[in-house]
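Per-entry structural report
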Amino acid sequence: MARLELVQSLNGHKGIVWNVSWHPQGKIFASCGEDKTIKLWSNEGQEWIIKTVLVDGHQRTIREVAWSPCGNFLASASFDATTAIWDKKSGQFECNATLEGHENEVKSVAWSSSGQLLATCGRDKSVWVWEVAGEDEYECESVLNAHNQDVKKVAWHPTSDVLASASYDNTVKMYKEDPADNDWTCIATLQSHESTVWSLAFDKTGERLATCSDDRTVKIWKEYKPDNQEGVIVTGRESTWKCVCTLSGFHTRCIYDIAWCHKTGLLATACGDDIIRIFKESEDSDPNAPTFELICTKLDAHSQDVNCVTWNPIGNQELLSCSDNGEIKIWKLME
Amino acid sequence: MASRFSGALQLTDLDDFITPSQECIKPVKIEKTKTKTGAKIKIGDDGYFDISSGKEQKLQKVEITLADCLACSGCITSAESVLVTRQSQEELLRVFSERKYTDNKGVTKNVSLVVISLSPQPLLSLATRYKLSPEDATSKLAGYFKSLGADLVLDMTIAEDLSLLEAQQEFLQRYQDQQNDPTSKNLPMLASSCPGFVCYAEKTHGNFILPYISTTKSPQQIMGSLVKQYLSKTKEVTPGEVYHVTFMPCYDKKLEASREDFYSEMLNCHDVDCVITAIEVEQMLGNSNMSLSDAPAGSLDAAWGADEGPPGPRGRAGSGSGGYADHIFVHAAQQLFGESNVQLVYRNLRNPDFREVTLEKDGKEVLRFAIANGFRNIQNLVQKLKRGKSPYHYVEVMACPSGCLNGGAQVRPVTGESGRELVLQLEAMYAALPRASPDTRLAKRLYSEWLDGKDSDKAKAILHTGYHAVEKSDIALNIKW
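Keep in mind it's a predicted model, so treat the numbers as computed, not measured.

**A look at the overall build of chain A**
Helix and strand content of chain A: 0 helices and 28 strands. A compact globule built from 335 residues should have a C-alpha radius of gyration of about 20 Å, and chain A, at 19 Å, falls within 12% of that. In terms of its C-alpha atoms, chain A occupies a principal-axis envelope of roughly 55 × 50 × 30 Å. In the form shown here, chain A has an accessible surface area of approximately 12900 Å², with 43% of it arising from carbon and sulfur atoms.

**Digging into the nonpolar core**
By size, the foremost hydrophobic cluster in this structure holds 63 residues, and its most contacted members are Leu118 of chain A together with Phe171, Leu190, Leu367, Phe369 and Tyr394 of chain B. The element best represented in this core is helix α12 (residues 324-337) of chain B, accounting for 7 residues. Those residues in contact with Tyr394 of chain B, other than ones at most four positions away along the chain, are Phe171, Pro188, Met189, Ala191, Tyr324, Ala325, Ile328, Arg368, Phe369 and Ala370 of chain B. Core analysis: the next-biggest nonpolar cluster, separate from the first, contains 41 residues, Tyr130, Leu132, Tyr243 and Ala295 of chain B among them.

**Topic: the pattern of salt bridges**
In this structure the tally under the stated criterion is 46 salt bridges over all chains. A salt bridge links Lys176 of chain A to Glu238 of chain A, with the nearest nitrogen and oxygen atoms 3.2 Å apart. Note that Lys176 of chain A is positioned in strand β16 (residues 171-178) and Glu238 of chain A in the loop between β20 (218-224) and β21 (240-247), a separation of 62 residues in sequence. The network of salt bridges with shared partners includes Glu131, Glu139 and Glu141 of chain A together with Arg350 and Lys384 of chain B.

**Some details on the side chain of Ser258 of chain B**
Here Ser258 of chain B is to be found in the loop between α10 (252-257) and β10 (263-264). A polar contact of 2.8 Å, which involves the side chain of Ser258 of chain B, links it to the backbone oxygen of Lys254 of chain B.

**With respect to the packing of aromatic side chains**
Residue and element names in this part refer to chain B. All told, the structure shown has 27 aromatic pairs over all chains when counted by the stated rule. Plain terms: the ring middles of Phe145 and Phe247 are 6.3 Å apart, the flat faces sit at 70° to each other, and that makes the pair edge-to-face. You can see Phe145 sitting in helix α6 (residues 134-148) and its partner Phe247 sitting in strand β9 (residues 242-248), a full 102 residues away along the chain. Comparing Phe145 with Phe247, the two get one shared label, buried. Geometrically, the ring pair formed by Phe329 and Phe369 is edge-to-face, given 5.1 Å between the ring centres and 90° between the ring planes.

**Describing helix α14 (residues 419-432) of chain B**
One turn of the α-helix equals 3.6 residues, which is why residues spaced by three or four share an orientation. All names here are of chain B. An ideal rise of 1.5 Å per residue puts 20 Å on 14 residues; α14 measures up with 20 Å between its terminal C-alpha atoms. If you check which residues of α14 are buried, you get Leu422, Val423, Leu426, Met429 and Tyr430. Buried positions in α14, seen along its axis, are confined to an arc of 125° and lie on one side of it. At its buried positions, α14 is contacted by α5 (120-129) and α6.

**A look at the UniProt feature "repeat: WD" (unreviewed entry) in chain A**
Residue and element names in this part refer to chain A. Per the UniProt record, "repeat: WD" (unreviewed entry) is found at residues 10-42, 55-96, 99-132, 144-176, 190-222 and 299-335. Helix makes up 0% of residues 10-42 and strand makes up 58%, while its end C-alpha atoms are separated by 11 Å. Its end C-alpha atoms 11 Å apart, residues 99-132 is made of 0% helix and 59% strand.

**Side note on the side chain of Asp161 of chain B**
Tracing the backbone through its elements, the reader meets Asp161 of chain B in helix α7 (residues 157-180). When sequence neighbours within four positions are dropped, the list of residues in contact with Asp161 of chain B reads Arg316, Ser437, Pro438 and Thr440 of chain B.

**Observations concerning the environment of Thr234 of chain B**
Mapped onto the fold, Thr234 of chain B is located in helix α9 (residues 219-234). Thr234 of chain B sits 116 residues away from Arg350 of chain B along the chain, and the two C-alpha atoms are 50 Å apart.

**Side note on the sheet that holds strand β3 (residues 28-33) of chain A**
Residues and elements named next belong to chain A. The antiparallel open sheet is built from 4 strands, whose spatial order is β2-β3-β4-β5. Each edge of the open sheet is held by one strand with a lone partner, namely β2 (17-22) and β5 (47-54). For this sheet, the mean inter-axis angle between neighbouring strands, taken without regard to orientation, is 25°. Sheet topology note: the β3/strand β4 (residues 38-44) ladder contains 5 bridges and is antiparallel. When the bridges of β4 are listed, Ile28 appears paired with Ser42.

**Quick notes on a nonpolar patch on the surface**
There is a patch of nonpolar side chains on the surface, built from Ile50, Val53 and Val55 of chain A and spanning about 210 Å² of accessible area. One can find Ile50 of chain A in strand β5.

**A few points about the UniProt feature "domain: Iron hydrogenase small subunit" (unreviewed entry) in chain B**
Taking the numbering used here, the UniProt-annotated feature "domain: Iron hydrogenase small subunit" (unreviewed entry) corresponds to residues 416-471 of chain B. Within the segment residues 416-471 of chain B, helix and strand shares are 54% and 0% respectively, and the terminal C-alpha atoms sit 44 Å apart.

**Quick look at the environment of Glu282 of chain B**
Residues and elements named next belong to chain B. Of note, Glu282 is situated in helix α11 (residues 278-287). The spatial distance from the C-alpha of Glu282 to the C-alpha of Leu292 is 8.3 Å, given a sequence separation of 10 residues. If we skip the residues at most four places from it in the chain, Glu282 touches Leu126, Arg129, Tyr130 and Val411.

**Observations regarding the packing of α7 of chain B against α9 of chain B**
Residues and elements named next belong to chain B. It is at 8 Å that the axes of α7 and α9 come closest, and there the two elements cross at 115°. Relative to α9, the element α7 is oriented roughly perpendicular. Once α7 is placed against α9, the crossing between them reads as right-handed. Packed against α7, whose contacting residues are Ile158, Ala159, Glu160, Leu162 and Ser163, the element α9 presents Pro219, Ile222, Met223 and Leu226 at the interface. Its residues assigned to classes, the contact of α7 with α9 comprises 7 nonpolar, 1 polar and 1 charged.

**Examining the sheet that holds β9 of chain B**
Residue and element names in this part refer to chain B. The 4 strands are arranged β7-β6-β9-β12 in an open sheet whose pairing can be described as parallel. Pairing within the sheet leaves two strands with one partner each, and these edge strands are β7 (152-155) and β12 (274-277). Each strand axis lies, on average, 25° off the axis of its neighbour in the sheet, ignoring direction. Of the strands in this sheet, β6 (113-118), β7, β9 and β12 are in contact with α9, which crosses β9 at around 155°.

Thresholds, definitions, all that
- Residues numbered from 1 in each chain as written.
- Chains lettered and ligands numbered in written order.
- Predicted model: local features only at pLDDT ≥ 70, side-chain atom pairs only at ≥ 80, totals over all residues.
- Heavy atoms only, no water.
- Helix = DSSP H or I, 4+ residues; strand = E, 2+ residues; numbered from the N terminus.
- Rg over C-alpha atoms; globule rule 2.2 N^0.38 Å.
- Areas by Shrake-Rupley, 256 points an atom, 1.4 Å probe, with all protein chains shown as cover.
- Core = buried A, V, L, I, M, F, W, Y, C linked by side-chain atoms within 4.5 Å.
- Buried < 20%, exposed > 50% of the residue type's maximum accessible area, 1.4 Å probe, protein only.
- Contact = heavy atoms within 4.5 Å.
- Salt bridge = Lys/Arg side-chain N within 4 Å of Asp/Glu carboxyl O.
- Polar contact = N/O pair within 3.5 Å; in protein donor to acceptor, adjacent residues only side chain to side chain.
- Phe/Tyr/Trp six-rings, centres within 6.5 Å; stacked < 30°, edge-to-face > 60°.
- Expected span 1.5 Å × (residues − 1).
- Arc of directions from axis to C-beta.
- UniProt positions renumbered as here; feature names shortened; annotations may be inferred.
- Pairing = 2+ DSSP bridges.
- Axes fitted to C-alpha atoms, helices over the stretch in contact; angles between N-to-C directions.
- Patch = residues over 30% accessible without salt bridge, like charges linked within 9 Å, V, L, I, M, F, W, Y side chains within 5 Å.
- Parallel < 35°, antiparallel > 145°, perpendicular 65-115°, else oblique.
- Left-handed = near helix turned anticlockwise from the far one by under 90°.
- Nonpolar A, V, L, I, M, F, W, Y, C, P; charged D, E, K, R; others polar.

Set out below in structure tokens:
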């Protein structure tokens, strides 16, 4: 059995810590929360310490932070209906652009793999796609009203400009741009969860997607292209996404977040039962009906809800988590 | 069920997940007499009864009208159910058979004249749906409505003409005012004929953006004034007895028709009583198991006098949404810069739904107009305005991608057909319609005979309207993580 060893417990935020995000090089991470601040942490010697605190960017809770793939920009999504873009061009981090348009709380923000596009979503049920249009300039490319409830999370495909969103309406939707009019359209609706889908994560190929839900299950979806060999029926030109695996019986409360490591292939989940769980795909897993094994259960990872988990992108088995109790923890997985 | 309103309007809704205390936050005034103790209310099978006075008194059921919803910052999708009762095909059929209607104020009136006004976009939508030429579709539609009980079926050319003429005039005025006071919020002037955009602006951007929106009424509402105030006189009926139905390409027009601004206290009625859309007429035909080609042929009526051109739908230069940018540009080029016969060449910006056109004089750009369709382009325009980076003098803003020909209540593409192909087909049909230009003899006569001349107080009162910011109420209960 593998185990999660605590590297360090970090206290810096007042109140709920909603999200933590690794810098692409894995030496810095950002955190945000109820206290309306963003903190940047880095490792000095053996200790992780706060290097920078970004304040006055938002008037309400900051729900999510995301680094651009180049690592030069940080986006923050807030309940004040705006998304701020921070950069360090002047030598220190400053907010140099604000994306406005959402009617109310922005819940999630994500950069595409090229760094040219951003997606945001929120309580107004919409998903927005923004394009970097020049220095500190962002233009709205599309406003997607495909969901009929609060949209909780957006995530980009790891290599192409395909976007996925998870919602309170129990579905996941995928979108891409229609070259005919440069507008975006919903190309797939993934239905199987029986309650709110809180988060989602692509694997490194982008051909599989893991989703987690208030229905206490994790689902793995596989993309079947129009010319697939398995004989899965695909109508139209867009791929069909099929649920090929449901992990049920493991989680006892709502699952708030899921992270799929692109280096190790390990899945980590953040759960309302205060537990972090790690799943590993079986050696003999059938691609069309994969099996995953629970290899680690970290009981009482936090004293309250675990809100977010994220693997260090460099693949060193480091995992970050944060919680309602104001804590951030850095873990190392020992297999 | 997915909402049928345009994307812009859907976004103005805060949340459909309504917490118990919040089903509707519109305060309702209840007339009651003071008692020492609280009221005692008995719940009966057939209603609620106030028994505090000793005898049972039935309590009035609270009804929230569409007008209430429009004035409220709460939900808007719930307004759909209100809308459905007042402006549905069922209601229309009922009025045809009973010759009676109940207005927004709850007053029931007898109907002596049913007038249907046809806008060109939904007409073309039905023509395509039933594979008819625009002329045949017009004739069949007129015949169909008359077979149901309509007394007059009219085109809206004259209302479009007046709307364009007023907008041209308004632009010149705003341009001059802006020259005199560059800090004023006169320019860019934004088109006002799209109720989706107007409602979005009122609910989300309020006083920041409203001054830019043209005060000129949309063709639908000008038609309303024409029918209720001018036509009723010539037909010698009271405005309240006229039931006026407009045939429109989008559901948002129903919201527009229901606005308090378009209710006349003096005439005691709305300018437009019911808005019916292409999709709904398709359903009505379907419910009777018929195609539009099965309807009897009929003809449009000429209601305005001898100087009216031959009736029928007309196309406008520039866009399928009514050609606002084009007409105002041409007029302004001539009036302000003495340039006649300007050729308008639109450039696509980031996407084909954001186009701009400029006028240069002596190597200097003097006019810059744009057409911005679809919600994403409205967003970019609003953000430019906010940051003081809008280079435009005028923007034709429509909430639907591709504008009104692609309105939210146009007949959907049949399976296998792409929405894009359908819009292209409609655009081609619209471009092939006989062209109208607004400065007609009839328009001139209406100005002099009915409106006391151009620029008169009466013309301002009848052809213009106002907008109102809706205050946001942020209730803590609304927050969800």
